[in-house]
Each structure stands twice: as C-alpha cells, then as structure tokens.
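Secondary and tertiary structure notes
Spelled out, the chains give:
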Amino acid sequence: MAGSEKSQMKPTKNSPAWSVRSTARLFTLMPLLSSLFGSMNLPAAPLVTNAVDWPRFLAQHDLVWKSLPMDYYEGAFVGNGLLGTIIFRDKVETNSLRFEIGRTDIYDHRPNGSAMYERCRLPIGQGLLTPVGQITDAKLRTDLWNAETRGEITTTVGQIAWRCFVPNDDEVILVELQTTGGERAAKFSFRPQPGDSPRHTVLKNDKYDYTPNPPLQKVETNGAEIVVQPLLAGGDYATTWREVKTGDNSRTIFLTVANGIPAGGAANAALAIVNHAVARGLPALERTHREWWHSFYPASFVSVPDARIESFYWIQWYKMASATRTDRPVVDLMGPWFKPSRWAAYWQNLNVQLAYFTALPGNHPELSDRLCRWLEDSVPDLISNCPPEFRADSAALGNPTGLELKAPVSAAPPLHLIALPWLMQQCYLQYRFTMDDERLRVRIYPLLRRTFNFYLHVVQLGADGRYHLPLAFSDEYGNAEDTSMNLALLRWGLETLIASNARLKLDDPLLPKWKEVLVKLTDYPVDEKTGIMIGRDEPFAKPHRHYSHLFGIFPLYVLNVEDQPDQRSLMEKSIRRHVELAGDDCMFKFTGSSSLSAALGDGDTALTQLQRALAIQPKGPTVTPNTLYSENGWPTFESPISAARNVLDMLLQSWGDYIRVFPACPSAWRDASFYDLRAEGGFLVSAVRKNGRTQFIRVKSLAGEPCRIKSDLPAPIKLIGPATANLRMKAGVVELDLKPGEEAVLYADEKPETFVVAPLPHRLDEINAWGLKAHGTN
C-alpha cells in the first residue's frame, strides 16, 4: 500500500476507533540527488500508474444493510480461508443476532463411506448475541478494505455497536461489543449443533441407513465451557469461547473451533487457541489482519461502467480470499459459512473448477495453487481410484469427495470421467500463468499423463478408421457414446501432453500414440437443429444447466473462431440452444453462456447473460442480496465466482499463445480499465479503454516468454519500452521480445498525456448495490 493510502486509514474525529476514514519542494536538491544516486542501480519507475485510492474505491462496493438480514442468503459474512461466520437474525431466538459458525475442514471421515453422508462437512453451531431490550432498529456494513463487518443495534433500553472479523493468522472469530444503557447486560452465548450428516438431516424421508455420531459433550476447563463433538470414526472437534472485558461498556468475544480429526484432543487445542489470541491482544490481531488484506486487493484492478457489476466483481474477491488461502483447505460448496445442505461436500464435476475460475487471470495464483497442490499431493489416492488393471499408468477421480480425493472410477460403461481431466486443466493453467517449468516436469506432467492414459485404455478404433469413446455420462445431462464433453477433454489433454513433451524435451515413449489418437479422434457429433450434440445419437433436446457438451469452446478453447472460423455458425447455434431452451435456469447456466459468448468475441451477448445471472429471482435458483447463491435452498459457492470470470473474459483472454486485450468488451462499456491482470506465458497486462477505443496497453513479462498481442489498436502502433523489445506486426498481431521483468507500453495515434489506470466514476445512487437497502431488496 502506498504511503498516500496509509493516511486514509486514520480514524476521523467523528468515527469509532475501528472505522476507516504539504509537500516540500525538491527541485533545488535534484543535482545533489543525481550525484548521490545517479550511479546506483535503482528500479525504473513504472511506465503506467495505478491511481487507485483503495480505501475510498472499495468503500463504494461495501455491502450495506439498513435492516437486520433475516437468513443465510441475506447475511453478512467474514472468514480467513478456514474459519468463518455468517451473521443474520435468528429464527428461533428472534430477538438475537446469530453468528453461524463454520470451519471448512470439519469433515467426517468414516472409511469407505459415502462422501454425501459419512465423509461430508459437519455442523458446529451458532453464537447468539441477545439484547436485553427488544430490537427496534439495526444497520450493518461489510467493510471490504478491512475485511470486517460492523453493525449497530438499537433496542428499547439502549444500543449495541459491534464489529466482527476473523484474523488472518489466528483461528479465532472476534466479536467486539460497545454497549449503552440497559444493553450493558446484553448476552453472548453459544448454541451447539449435533455433528451429523447435513444431507441426512435436511432430506425428508431419507432412506439412507445413517448412524449418527456420538452425542455432544460439554466440559469445563479453567472456567471456560468447551463443547466437544466425538466422531464415530475417531477423533473430535471442539468449540470454545472467552469473553474479555476491555472497558466499562466494552468487551470482546474470542471464539474458536479446533479440529481434532482423526487423533482427538480438540478440547485442549481449542482452549490453547483462544488463550493465545487473547494474549496477543486485539490491536495486534487487527494490525496483521489488515496488513494481509491491504496487500491482497492491489494485486490487480478492474473498473467497468456498470456499478452493480463492478461491486459484485470486487465482493467476489473478498469472498474468495475469505474462503480459501494458499495454506488453507480447497473451498467446497459452502466455504467457511455453514448451512445445512444436501451438498455438504466437494463436487468435482463443476463446482470446484468454477470456484477457482478467476484466480489466475485475476492475478492471484497463490489461491489456485492450493487446488493444484491438493491434486499433486493426492497422487496415491488418484491411482487407487482406478480399476486395478489401470493403476500402473493411470489416475482418476470420481464425484463427489470429502477432504480426501478418494472416489473410485469404474471402467465399465457408462464411464464417469469428467472430474480429474477438468481439474488437471486448472493445474496445467497454473503452469501456463506462472511458467514454472520444474513444476511442470516433476509434478504436473506425470499426473497429466496418468489422467489421460485412462482414456487410452477405453478409446476404440472403429471400422471407419476413427477413434471413438464408449458409453459415458455427459455431466449432468445423460449417457451417450462419443460424448462431446469427453472428446473435447481428450483432445485438449492430448494436445497439452504433446506440447508439454516438446517444452520439456522428454521424447515420451507414448508420444506416437498421442499423435495417432489425436489425428484419428472422431469429430464432435452435431445436428442441423441443435448444433453440438451431447453425444452420438443424443441431441441437446431438453433444458439443462451444465454446458459440458460445449467444453470444446469454453473453457478448453480447442474449438474456436480463430483456428476454425468456418465453425462459427455451429458454435453460435450451440450456445444459443443451450441458454434459450427454457428451464433448469441455474446461475452457472448463464455465467457459462457469458464466457462461451466471450470466447467468440461476442461481448454484447456475454454482458446480457451476465446480467441475467445477476438478476435476483423471486422463485427458483438465484443470486442473493449478499452475492451468495441459492439453488433450491442449498448454497453453492462457485456460481457467483464464475460471474466474476465473465467480467475478466470480456476484458482479457490469453488462450492459444495470444494475449487478447478487450476481446469481448460490450458496446455498452465505452469505457473500461484494468491493471495487472495475468495472462498465460507469465505476463501482467494493463489497459484503458475510452469512448469505445483502446487508449494504451502495458505488458510486463515475468518469464521472458514470446509476447503476442491482439487488440483494436490501429497501425502504426508505437512503443515505449526497451529498445530490445523489437516491436513488429504480423497479420495484425503485435510481437515483442521482453526479458523477465521488462515492460512495454503500446499506443496508437497521438501519445496520451498520461498513462494512468484509474477507477471509473459512478453515481451515488449506483454504489453499494449489494446488501439490503430495505428489507428484501438490494
């Protein structure tokens, strides 16, 4: 954070202590400074300035509530990638504010049990803040910049001012209270929930033969109450809290959940965590917490003319960093915010993949790195998931899973293959966006090879001389032979293995086989009416949310308008068919259509589908006022994140060895800007668009890879940068030679007065678009 931004953090005289709210002339010293420092090897000033006042910018995107949120889908949420709470009015104790407690790694672990029942996420309980008087008014605000939620409750006998955050580097939830009048006696308590399968709990008439975990145990240790949940399979988890008085009218609650799975001992661990946090003290916890968040946000910047979409985009980054970190668990369908659900596990056929869709292009590879390490560290389990006869050279993953990637895959039709091949695309992109060749060689390539070897065991050479796939499931539509989904995944996998083999100079003995199968692989099944089919003899004939049959277009890009321009009409027809066939209108159906359209360069359709995804629906699946997502009452974390990816796809794409700047910018977005988005090849890219035209592009190389840029900058394009950049134009593509750490700015026509990336202005009535303006609205 720049020095000028630090000054913004000082409280104003009218604000609470936790709120956010003359230069001397140097010209005469320049000769002296030059003589003192001229010979030093100082870093060059950046060619483009990122003029963002981060506290002020993010404040206009804070979630704001003018009444108490009534449920999970209206509530305010905080988290540190492991531990979290979501805050709303309790439905049982209706005069209490509820803090629903969650911890992402609290999973049951019964051997050989169902991931949906015996290896699933488990409930913990709720903190309750209960006033003395009756609540008459309330307001809340989630401060994105400082990653905390603040609120005020007015009752018939006084007021309670509170704030809540989860420190970055301690496993505690903090609730700070300041009270007046009769509310000095307001009470905080903990209401535990039995640690049993949420799916079994919420599904009425569930016939599954489920055995509950042992009863909760409450123990007293040194005056602290600890609630322990033993598990049938061994181990336990425990919750405790401690209230510390900090003044006549103020106190702080420190609450934690300790994981004792599978060894046990959670009670002592919970007590130690709370005591450690109390000893550190609130100021130290707040300081390191804010330092982390203030370094997180500026990794990249995006501003678009639609204030509601811009706010949604930035709230997703807050949500993502609250839900997962490089040293915390991979995010599941809830993140650290628990709700009883039938989907309390990891769904590996879309949900996990979409949750990480923004991390790399948004320049947060540290977040997606956690997903890749989960795969890389689970190779023994991924091998064991295969049929015994495949284990010598293959790996696979079924769906769903718990914390461990243990889910068998059968070789008997219909095949269920989507999970690992699609996850491995994310793992390979981790390489492409960072260009760590050693990681590719040692960790990614061997697992990629095993993943697609499974396909080599099941593909069949037909009488037509083409390779075909047996009966398989096309998620989540149905079964067919030659499923378009698996053909696209196999085609991408073979191309990637061949390219990686060349990059690493390996001369893999399977290289001839990969090339043969790729050349002879059958085409996608198509028909005149519906376009790309689910599979052979199976058209896309009924409404369905999952766009698995269109994977070749997005996210794999193996079917695209640049390499196959004659297939544009087929692609457009297929995308229209998927989204216009009314029914099963889940949010990711429309975010998928947005990214699919952006892949074709159709920014107007991409924006239309994004707007549909962000429309709050009175019935059915819908985004909610706090930007979470409800699908028939159950939360799924990933769909809102995929909407943030839609924004990125309109601004920057980098598949196929080209960086595309504003490749699908909607006509309604005459102005847009971004700074340090990340592109494949290890590039940071910044650009500004005004009045429908790109003003300039700045690209910085992190790895020294070939740089090829497509944009609407007209020739002749001018360069500011190193003389060795060697700017050249080939078929409308700018090519540059940039060494690691070098950057260049491209522009056309007259040189802009400044090269500055700055936020676009928004009207006051457009900002803070999410939360509750009045009850039930956002």
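One can find the structure itself at the top, above this paragraph.
Rules behind the numbers
Residues numbered from 1 in each chain as written. Predicted model: local features only at pLDDT ≥ 70, side-chain atom pairs only at ≥ 80, totals over all residues. Heavy atoms only, no water. Pairing = 2+ DSSP bridges. Helix = DSSP H or I, 4+ residues; strand = E, 2+ residues; numbered from the N terminus. Buried < 20%, exposed > 50% of the residue type's maximum accessible area, 1.4 Å probe, protein only. Contact = heavy atoms within 4.5 Å. Salt bridge = Lys/Arg side-chain N within 4 Å of Asp/Glu carboxyl O. 1 Å grid on protein atoms, 1.4 Å probe; cavity = no way out; pocket = protein on both sides within 12 Å on 5 of 7 lines; lining within 4 Å. Points joined across faces, edges and corners; volume = space filled by probe spheres on them. Nonpolar A, V, L, I, M, F, W, Y, C, P; charged D, E, K, R; others polar.

Another aspect to go through is the sheet that holds strand 7 (residues 135-143). Here ten strands make up an open sheet; going across it, the order is 12-13-14-15-10-9-8-7-2-37 and the pairing mixed. With one partner strand each, in any of the chains shown, strand 12 (217-221) and strand 37 (771-772) form the two edges of the open sheet. Here strand 7 pairs with strand 8 (residues 148-155) via eight bridges, running antiparallel. Pairing of R141 across the sheet is with R150, part of strand 8.

Of note, L651 is situated in helix 18 (residues 638-651). Residue classification places L651 among the buried positions, given a relative accessible area of 0%. Taking the C-alpha atoms as reference, L651 lies 9.4 Å from A598; in sequence the two are 53 residues apart. Setting aside residues up to four positions removed in sequence, L651 forms contacts with V302, V304, R660, V661, F662, P663, W669, A672 and F674.

Looking now at the pattern of salt bridges. Applying the stated criterion to the full structure yields 53 salt bridges. In this structure, R432 engages D657 in a salt bridge whose closest nitrogen and oxygen atoms are separated by 3.4 Å. Remark: D657 occurs in the loop between strand 26 (652-653) and strand 27 (659-661) and R432 occurs in helix 11 (residues 419-434); sequence separation between them is 225 residues. In this structure, D765 and R763 form a salt bridge, with 3.0 Å as the shortest nitrogen-oxygen distance. Both residues of the pair, D765 and R763, belong to the exposed class. Put simply, D143, E148, R150, R163, E176, E286 and R290 are held in one network by salt bridges that share partners.

Take the layout of surface pockets next. Over the atoms a probe the size of a water molecule is rolled, and this reveals where empty space is left. Estimated volume of the largest pocket: approximately 920 Å³. Around the largest pocket sit 44 residues that line it, and Y428, R432, W655, G656 and E680 are the ones nearest its centre. Elements with a minimum of two residues in the lining of the largest pocket: helix 11, helix 13 (484-504), helix 18, strand 26 and strand 28 (672-679). Here the lining of the largest pocket takes eight residues from helix 13, the largest share from any one element. Lining the second largest pocket are 18 residues, with R98, E100, Q126, Q193 and P340 positioned closest to its centre. Secondary structure elements with two or more residues in the lining of the second largest pocket: strand 5 (97-103) and helix 4 (198-202). In terms of residue class, the lining of the second largest pocket is made up of eight nonpolar, three polar and seven charged.

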